[in-house]
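Descriptive analysis of the structure
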Amino acid sequence: MAAVIECQGLNVRFRTDDGAVTAVSDLDFSLNPGECLGVVGESGSGKSQTFLAMFGLLAPNGSATGSIRYRGTELLNAPRGALDELRGNRLAMIFQDALSGLTPTMRVGEQMAEVLVRHQGLTRQQARARVIEALEVVRIADPERRYAAYPFEMSGGMRQRVMIAMATLCRPEVLVADEPTTALDVTVQAQVLRLLDGLKRHTGTSLVLITHDLGVVAGLCDRVLIMYAGRAVELGPVRDIFRRPAHPYTRALLRSMPGLGIDPAEDLPVIPGQPPDLEHLPPGCAFASRCAHVVETCRVTRPALLAVGADHARACHLPA
Amino acid sequence: MSAGPGLLGSETLAAAAGGGVPRSLWRQAARRFRRNRAAMASIVILALIALSSILVPMFWPHGIEDASWENILVPPGAAGWHWFGTDANGRDLLVRTFYGGRISLTIGLLTTVVALLIGVTYGAVAGFAGGRTDGFMMRFVDVLYSLPLIFFIIILVTVFGRNIFLVFIAIGAVEWLTMSRIVRGQTLTVKAKEYVESAVAIGLSRSAILRRYIIPNVLGPVIVYVTLLIPTNIIVESYLSFLGLGVQEPLTSWGLLISQGAGQLDSAPWLIFFPATFLAVTMFCFNFIGDGLRDALDPRDR
Amino acid sequence: MSSVLTVEHLSVHYEVPAGGLFRRHPLTLKAVNDVSFELRAGETLGIVGETGCGKSSLGKGVLQLVRPAAGRVLWEGRDLCTLSPAELKACRKDLQIIFQDPLSSLNPRMTIGEIVAEPLEVHRPELGRDERRRRVDAMLDRVGLRPEMQSRYPNEFSGGQCQRISIARAMICEPKVIVCDEPVSSLDVSIQAQICNLLRDLQRDTGVALLFISHDLSIVRYMSHRVLVMYLGRAMETGPRLSFFGAPRHPYSQALISAVPVPDPDQADPSRSLVLDGELPSPMDPPSGCVFRTRCPLAVPVCITQEPALVDVAPGHGVACHRRQDTAPA
């Protein structure tokens, strides 16, 4: 099966007052049709910037090199017109802060209908019917009335569901969700996750779920990409990541989560120290300074992402 | 920069905490400001204008009131040290322009200081007190706001007669209104910050909170506003003088020179050209500095 | 264990400016309504609930950062709610708070040394400059920061480091109680664990009691000895950790716990978690009777008319639910 999204040698850099910051370096990954890829990392790991680059949404002081292809079409630094054709239509993205994605002065339904009128040439009436149907799918009660509501009249969870409905209106092939549930309460998070799960199962949309929460990934994703300081450290099927994590960072991350299953009497194992400074990344492995198993090579040579099993790769010098 | 929130924030700075000089927000702002070429150039130009406004009238061969009937409306040129030409009374325009600069810049600075003192105190007290006090104080500002400036000045002038100090008072008395609103708004914002709550929680007194927490954090936008208020006040003085309500002969200011030159635009265009150029350059400089300060102090950049 | 702080029937109300030009009376938002609990020495009480449940207002009401509308907060035999500002100031030495956003809870214009030393200046003015500095050094070292960082400013530190600074500031006067208002919610996973462990260590060493406010159940489970669940300003359920997490009895607690994502691909299944339908009712206009009834899968007519009281179902484990008999584990 050919990949929907193919990313090769992606580098994202930002010019700042203090010099150049490398947000993503030499990243390779692909997204298969109908799968859900979880992209996990802490703040500064480059997980969001990767996909902002793909959508041409990097901040003005940022630049991307390398290649991200959607079915053979290069997306990086593509002309605006070509990108506009795909964005919101074949490729859609939803963000953590759902309010910022909605125009405050326009009725929610009309904003959604606008997308259909523009990308699919539907009439207003046709668009309205489709929008109400989409609102029903995301389980918004009384969609006819909500069609005429303004964003501020909705709760955070409702807005996030509206964003999902809006992103899926044109039945995109790829949906990138950037921390879609981070700003939401647990019970609302459960609603949104169930919704994304249903979407993946019923429409065959390829889903990218960017998150810092491994718990969210476990329930929803087929494959997981773990990022650290702008680099891929591990990539593999979700079961392998949780059952046989191959990178020390992944293992430490899994252990340091205070899930409901741990014994509160014992102290959580922590990852000591801080993530490295993105301005002055070490020459070797970015995790070396916090790794419990560090050896001399780790500080000198950057490990490549190499296979350790079927479809499972990691970037680490230690013997597997 | 609005770029990469997670990126340009704590991580990059955190590692820097390892060595070097502590980077207070002021120090960082100063560093950003120094990189702004337009603002730095503006400071140099402004300093030159200010310095020559002080020095040139002291050393120039012509005085500001030296009328010379032989040299009426001489066009600009080197002849007889009338580089900027002369006016209808044969007075040297160069010395009058620089002298006018003295008055205009002084008025700009002094009125701003008046506005700053009244505005900051009033606004900070209103914002920090909150509740009814705040409501009452700000309604009073609203009432004053509704009085047109010109109307206010005409009243002052008719009651107290024409006097340059009246101009200071009149402009300062009107411009502090905006300042007090800005300071009050900032105070309200800062008051809602968690660090102020944490100061309450450790039992710090109200005056210490105002001194250590509120005022230092309100200062940034005030400084920016000050650099934009100075040129505003210079312009206000100019149009008051233009209308004959401001500076009176034989004293002069850029506004007065422009108003006098406007009458002879056809026959002696230099009379308006020089003072207007100086006024415009000064305006640009203050605005560039204000922009530079705003960019350097912008809280979103932290 | 003796209780250090007893909260009785505490209510915190906010006046919300009325919309419209001619509405005379402001609306009242009842953020906390009749909540009682006690906090024992050396213990952590976790306050759990979702956005708008009043958990932060509860913490601020306890510390009198917001004056409660009703109820009592008993501290060393006195009711904090009736104390004058001057009397209250003296008590603040022993009652501290740590906020959620580490950066915005530190004054950006002060150095780390000044920030941490400030409580000592207020409450222990008799200490000399050298002694103060020595204590600040020791405290910074205790929370895992290098003492030579004293002259630096908060903006030079990461979120996790700022939270350590907040903890140092809160701990420097050796308080008896710290209200931790979502102290790790804005931190990365690996940093969260560091801060949680630091708080637990400090508690073991000093016996400080923590009121740990969080929306994250797994962290509350890790941190707390006892738990109090809030919904729309009311206490829904309270109990010892084991009893509560082992057998939650309120339908809301059950939904909360089942909504926590399980970090295990074989057990996690979003379609299986107990998802609550509907939206959170407006706190300005809460439902009659049991406030949770509009979203409760077990609601019956009595829930509309009568507000359930907190009734013990096990030692120290109280539930405010009319259907508590039906929620017992099978």
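Residues numbered from 1 in each chain as written. Chains lettered and ligands numbered in written order. Predicted model: local features only at pLDDT ≥ 70, side-chain atom pairs only at ≥ 80, totals over all residues. Heavy atoms only, no water.

Quick look at the overall build of chain C
- Looking only at helices and strands, one finds 10 helices and 12 strands in chain C.
- Here the C-alpha atoms of chain C give a radius of gyration of 21 Å, agreeing with the 20 Å that 2.2 N^0.38 yields for 330 residues.
- Residues counted as buried form 57% of the 330 residues belonging to chain C.
- A sequence separation of at least 24 residues applies to 65% of the contacts in chain C between residues at least 6 apart.
- Carbon together with sulfur atoms contributes 51% to the accessible area of chain C, which is approximately 13100 Å² in total.
- Looking at chain C, you have 37 positive and 38 negative side-chain charges, and the mean spots of the two groups are 3 Å apart. (Helix = DSSP H or I, 4+ residues; strand = E, 2+ residues; numbered from the N terminus. Rg over C-alpha atoms; globule rule 2.2 N^0.38 Å. Buried < 20%, exposed > 50% of the residue type's maximum accessible area, 1.4 Å probe, protein only. Contact = heavy atoms within 4.5 Å. Areas by Shrake-Rupley, 256 points an atom, 1.4 Å probe, with all protein chains shown as cover. Lys, Arg positive; Asp, Glu negative; His and termini not counted. Charge placed at Lys NZ, Arg CZ, Asp CG, Glu CD.)

A few points about the sheet that holds strand β12 (residues 312-314) of chain A
Residues and elements named next belong to chain A.
- Pairing in this open sheet of 8 strands is mixed, and the strands run β6-β7-β8-β3-β9-β10-β12-β11 from one edge to the other. Edge positions in the sheet fall to β6 (91-94) and β11 (306-309), since each has one partner strand and no second. Neighbour-to-neighbour, the strand axes of the sheet open up by a mean angle of 20°, direction not taken into account.
- Here helix α1 (residues 47-54) sits on the sheet and contacts β3 (36-40), β6, β7 (174-178), β8 (206-211) and β9 (223-228); the angle it forms with β8, its principal contact strand, is near 140°.
- Packed on one face of the sheet, helix α10 (residues 248-255) meets β3, β9 and β10 (231-237) and runs near 100° to β9. (Pairing = 2+ DSSP bridges. Axes fitted to C-alpha atoms, helices over the stretch in contact; angles between N-to-C directions.)

With respect to the sheet that holds strand β5 (residues 73-74) of chain A
Residues and elements named next belong to chain A.
- Taking strand neighbours across the sheet as the criterion, the 4 strands line up as β2-β1-β4-β5 in an open arrangement whose pairing is antiparallel. Each of the sheet's edge strands pairs with one partner strand only, and the pair in question is β2 (19-31) and β5.
- By the bridge criterion, 8 bridges tie strand β1 (residues 5-16) to strand β4 (residues 62-70) in an arrangement that is antiparallel. Each residue of the ladder has a partner; that of N11, found in β4, is T65.
- Against the sheet, α1 makes contact with β1, β2 and β4, and its axis sits at roughly 75° relative to β2, the strand it touches most.

Things to note about the interface of chain A and chain C
- Listed by partner, the interface residues are 48 residues for chain A and 44 residues for chain C.
- A combined buried area of about 3900 Å² lies between chain A and chain C, and 53% of that area is made up of carbon and sulfur atoms.
- Linking chain A with chain C are 3 salt bridges.
- Here D267 of chain A makes a salt bridge to R200 of chain C, at a shortest N to O gap of 3.0 Å.
- On inspection of chain A and its partner chain C, the count reaches 14 residue pairs in polar contact (both at pLDDT 80 or more). (Buried area = accessible area lost by both parts, 1.4 Å probe. Salt bridge = Lys/Arg side-chain N within 4 Å of Asp/Glu carboxyl O. Polar contact = N/O pair within 3.5 Å; in protein donor to acceptor, adjacent residues only side chain to side chain.)

Some thoughts on the packing of helix α3 (residues 108-120) of chain A against helix α4 (residues 124-137) of chain A
Residues and elements named next belong to chain A.
- Contact geometry for α3 and α4: axes closest at 9 Å, N-to-C directions at 120°. It follows that α3 is oblique to α4 by the angle criterion. Our pair here, α3 against α4, has a crossing hand that is right-handed. Side by side, α3 and α4 meet where G109, E110, M112, A113, E114, L116, V117 and Q120 of the first sit next to R124, A127, R130, V131 and L135 of the second. (Parallel < 35°, antiparallel > 145°, perpendicular 65-115°, else oblique. Left-handed = near helix turned anticlockwise from the far one by under 90°.)

A closer look at the pairing of β11 of chain A
All names here are of chain A.
- One ladder, built from 3 bridges, connects β11 with β12; its direction is antiparallel. Residue pairing in the sheet places L306 in a bridge with R314 of β12.
- Joining the antiparallel neighbours β11 and β12 is a turn of 2 residues, in which D311 adopts a positive phi near 65°.

Considering the packing of helix α6 (residues 149-160) of chain B against helix α9 (residues 206-242) of chain B
All names here are of chain B.
- Where α6 contacts α9, the axes come no closer than 12 Å and their chain directions differ by 60°. By the angle class used here, α6 and α9 are oblique. At the point where α6 passes α9, the crossing takes the right-handed sense. Note on element contacts: α9 touches α6 through V236, Y239 and L240, opposite L149, I150 and I153.
- A class-by-class count of the residues in the contact of α6 with α9 yields 6 nonpolar, no polar and no charged. (Nonpolar A, V, L, I, M, F, W, Y, C, P; charged D, E, K, R; others polar.)

Quick notes on the pairing of strand β8 (residues 209-214) of chain C
All names here are of chain C.
- Counted residue by residue, β8 has 6 buried out of 6 residues, so it is predominantly covered.
- The alternating pattern of β8 places A209, L211 and I213 and L210, F212 and S214 on opposite faces, both of which are buried.
- Note that strand β3 (residues 44-48) and β8 share 5 bridges and pair parallel. In the sheet register, I47 faces β8, and the bridge partner there is I213.
- Relative to β8, strand β7 (residues 177-181) runs parallel, the two being bridged by 5 bridges. Across the sheet, residue V179 finds its bridge partner in β8, namely L211.

Thoughts on the nonpolar core
- Counting 145 residues, the largest nonpolar core has I167, L199 and L217 of chain C as its most contacted members.
- Top contributing element to this core by residue count: α9 of chain B, with 14 residues.
- If we ignore the near neighbours within four places in the chain, the residues touching I167 of chain C are I98, V143, I195, L198, L199 and L202 of chain C.
- By size, the runner-up hydrophobic cluster in this structure holds 108 residues, among which are V21, A165, L195 and Y249 of chain A. (Core = buried A, V, L, I, M, F, W, Y, C linked by side-chain atoms within 4.5 Å.)

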